[in-house]
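Read off the chains here:
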Amino acid sequence: MANSLPGLSEWDSRSPVVATMLNPALFAAIFAASAEEYERRAGKSMPWELVFIIAPLVLHHDTRAALPRTTASHLSAWIANHPTIHAGFPERAKTMVPHVKEGLRFALREGVIDVDEAGFFKGSLPAKARPANTGDVRDIVRAAAFLGRWLTKIERSSTVYGYFGVTP
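Residues numbered from 1 in each chain as written. Predicted model: local features only at pLDDT ≥ 70, side-chain atom pairs only at ≥ 80, totals over all residues. Heavy atoms only, no water.

**Describing the overall build of the protein**
Logical step 1: Each helix and strand counted, the protein has eight helices and three strands in total.
Logical step 2: For the protein, the α and β elements follow one another from N to C terminus as α-α-β-α-α-α-α-β-β-α-α.
Logical step 3: Counting across all 168 residues of the protein, residues that qualify as buried make up 45%.
Logical step 4: Taking all contacts inside the protein whose residues are at least 6 apart in sequence as the whole, residues at least 24 apart take part in 72%.
Logical step 5: Carbon and sulfur atoms provide 56% of the accessible area of the protein, an area that totals close to 8800 Å². (Helix = DSSP H or I, 4+ residues; strand = E, 2+ residues; numbered from the N terminus. Buried < 20%, exposed > 50% of the residue type's maximum accessible area, 1.4 Å probe, protein only. Contact = heavy atoms within 4.5 Å. Areas by Shrake-Rupley, 256 points an atom, 1.4 Å probe, with all protein chains shown as cover.)

The following block contains the structure:
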């Protein structure tokens, strides 16, 4: 049976690295962590389209490592100070779209995220699904939570997309 999303192959034909780092459960954890923190900080649910920005930011090691330590930094200033990260972002985001969609389907099916009446994401990462206190997965989920808090400072998702030079 063929995968229904373009750009994705069946699990048995995916490389071990792709199957590990771009798996739907990891994406679900990323989405839930960012949506939980967005809602905690903003008092409202996270716009769904932000997951297409968050995933390529946190899954790229160099980008994740370059994220600021606090939300006091302005996103546009951070982008200006990291031109090589910014330059590679559009292609990374584009190639990640099928994986993000697959992760969204998984997260919705498993109840890790929910869509409210306005079409925004509410996250709920169960304690048993939280990553261990070590390793890349923990760092990825922590970075996603940070981005959930940081992106509350920008009123419109279209502004975030514009900063990164991509379109929804």
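**A closer look at the environment of Ala-55**
Logical step 1: By the element assignment, Ala-55 lies in helix α3 (residues 51–59).
Logical step 2: The contacts of Ala-55, once residues within four sequence positions are left out, are Phe-27, Phe-31, Met-96 and Val-100.

**Some thoughts on the pattern of salt bridges**
Logical step 1: Counting across every chain of the model gives five salt bridges.
Logical step 2: Between Glu-37 and Arg-40 there is a salt bridge, with its nearest N and O atoms 2.9 Å apart. Here the residue Glu-37 and the residue Arg-40 both occupy positions in helix α2 (residues 24–42), the gap between them amounting to three residues, near one helical turn.
Logical step 3: Residue Arg-40 is classed as exposed on the basis of its relative accessible area, which comes to 59%.
Logical step 4: For Arg-64, the salt bridge goes to Asp-136, with nearest N and O atoms at 3.9 Å. With a gap of 72 residues between them, Arg-64 in helix α4 (residues 61–66) and Asp-136 in helix α7 (residues 135–150) connect regions that are remote in the sequence.
Logical step 5: Under the relative-accessibility criterion, Arg-64 is labelled buried at 10%.
Logical step 6: Overall, the relative accessible area of 42% leaves Asp-136 in the partly exposed class.
Logical step 7: Counted as one network, the salt bridges with shared partners bring together Glu-37, Arg-40 and Arg-149. (Salt bridge = Lys/Arg side-chain N within 4 Å of Asp/Glu carboxyl O.)

**A closer look at α2**
Logical step 1: Taking 1.5 Å of rise per residue, 19 residues should cover 27 Å, and α2 covers 26 Å from first to last C-alpha, within 8% of that figure.
Logical step 2: Extensive coverage of α2 is indicated by the burial of 14 of its 19 residues.
Logical step 3: With a side-chain oxygen positioned 3.0 Å from the backbone nitrogen of Ala-25, the residue opening α2 is Asn-23.
Logical step 4: Where α2 terminates, the next one or two residues include Gly-43, which has phi positive at roughly 75°. (Expected span 1.5 Å × (residues − 1). Polar contact = N/O pair within 3.5 Å; in protein donor to acceptor, adjacent residues only side chain to side chain.)

**Observations regarding the packing of aromatic side chains**
Logical step 1: Per the stated rule, a full pass over the model turns up five aromatic pairs.
Logical step 2: Aromatic side chains Trp-78 and Trp-150 sit 5.9 Å apart centroid to centroid with 80° between the ring planes, which places their arrangement in the edge-to-face category. With a gap of 72 residues between them, Trp-78 in helix α5 (residues 75–80) and Trp-150 in helix α7 connect regions that are remote in the sequence.
Logical step 3: On the basis of relative accessible area, Trp-150 is assigned to the buried category, the value being 2%.
Logical step 4: With centroids separated by 5.3 Å and ring planes inclined at 35°, the aromatic side chains of Phe-146 and Trp-150 adopt a geometry described as tilted. A residue pair is termed a helical-turn pair when its members lie 3 or 4 positions apart in one helix, as Phe-146 and Trp-150 do in helix α7 at four residues. As far as burial versus exposure is concerned, Phe-146 and Trp-150 are alike and both buried.
Logical step 5: Pairwise contacts between aromatic rings join Trp-78, Phe-146 and Trp-150 into one cluster. (Phe/Tyr/Trp six-rings, centres within 6.5 Å; stacked < 30°, edge-to-face > 60°.)

**Side note on the packing of α3 against α7**
Logical step 1: Direction vectors running N to C along α3 and α7 enclose 140°, while the axes themselves pass 9 Å from each other. Between α3 and α7, the crossing angle belongs to the class labelled oblique. Relative to α7, α3 is oriented so that their crossing is right-handed. Contacts between α3 and α7 pair Ile-54, Leu-57, Val-58 and Leu-59 from the former with Ile-140, Ala-143, Ala-144 and Leu-147 from the latter.
Logical step 2: Its residues assigned to classes, the contact of α3 with α7 shows eight nonpolar, no polar and no charged. (Axes fitted to C-alpha atoms, helices over the stretch in contact; angles between N-to-C directions. Parallel < 35°, antiparallel > 145°, perpendicular 65-115°, else oblique. Left-handed = near helix turned anticlockwise from the far one by under 90°. Nonpolar A, V, L, I, M, F, W, Y, C, P; charged D, E, K, R; others polar.)

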